[in-house]
Amino acid sequence: MLDCVMVECTTIGCPQKGMPTAVDIRSDEKHRVLLLTPHKDVMCEHVWNRMKLEVDGKLDQYREQEGFSRPEKGTTETIG
């Protein structure tokens, strides 16, 4: 495990608003992917979507720095 991050929804009207949840950040060296695994706490779609947006943005930034292109739609494969 690389880190444990506390996240909290701030969306008005969300039943999870103001209720923190923890996310473990892990690295799978075999596949070189970042795994965001929720703790036992509930995570709402707002928090999940925001985390995905942030991770996708950083991946695009690193791809550009390293000279890699972004995968085309339908070219990615599920690992597992």
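You'll find the structure just up there.
From a predicted model like this one, the values you see are computed outputs, not experimental measurements.

K.L.:
Hey, could you run me through the side chain of Thr 21 in this one?
P.N.:
Assignment of secondary structure puts Thr 21 in strand β2 (residues 20-28). For Thr 21, the residues in contact, after removing those within four places along its chain, are Val 5, Met 6, Val 7, Asp 41 and Val 42.

K.L.:
Please clarify how the nonpolar core should be interpreted in this entry.
P.N.:
In a soluble, globular protein the nonpolar side chains are often hidden away together inside. Ranked by size, the top nonpolar core spans 8 residues in total: Val 7, Cys 9, Cys 14, Val 23, Met 43, Cys 44, Val 47 and Met 51. Apart from the residues within four sequence positions on either side, Val 47 is in contact with Val 7, Glu 8 and Cys 9.

K.L.:
How should the environment of Lys 17 be read in this particular structure?
P.N.:
Mapped onto the elements, Lys 17 comes out in the loop between β1 (3-8) and β2. Sequence separation between Lys 17 and Cys 44 is 27 residues, and the spatial gap between their C-alpha atoms is 8.8 Å. Contact partners of Lys 17, with chain neighbours within four places excluded, come to Cys 9, Thr 10, Thr 11 and Ile 12.

K.L.:
For this particular structure, what's the right way to read the environment of Arg 63?
P.N.:
With respect to the helices and strands, Arg 63 occurs in helix α1 (residues 45-66). Of note is the side chain of Arg 63, whose polar atom sits 3.2 Å from the side chain of Asp 60.

K.L.:
So what exactly am I meant to see when it comes to the pattern of salt bridges here?
P.N.:
Should the charged atoms of two oppositely charged side chains come close, the side chains can pair. For the structure on display, the rule yields 3 salt bridges. Across the pair Lys 52 and Asp 56 runs a salt bridge whose closest N-O atoms are separated by 2.6 Å. In this pair, Lys 52 and Asp 56 both sit in helix α1, 4 residues apart, roughly one turn of the helix. One salt bridge in this structure joins Arg 63 and Asp 60, with 3.2 Å as the shortest N-O distance. Residue Arg 63 and its partner Asp 60 are located together in helix α1, separated by 3 residues, close to a single helical turn.

Parameters and conventions
Residues numbered from 1 in each chain as written. Predicted model: local features only at pLDDT ≥ 70, side-chain atom pairs only at ≥ 80, totals over all residues. Heavy atoms only, no water. Helix = DSSP H or I, 4+ residues; strand = E, 2+ residues; numbered from the N terminus. Contact = heavy atoms within 4.5 Å. Core = buried A, V, L, I, M, F, W, Y, C linked by side-chain atoms within 4.5 Å. Buried < 20%, exposed > 50% of the residue type's maximum accessible area, 1.4 Å probe, protein only. Polar contact = N/O pair within 3.5 Å; in protein donor to acceptor, adjacent residues only side chain to side chain. Salt bridge = Lys/Arg side-chain N within 4 Å of Asp/Glu carboxyl O.

Treat this as a map of the structure, not an account of what it does.
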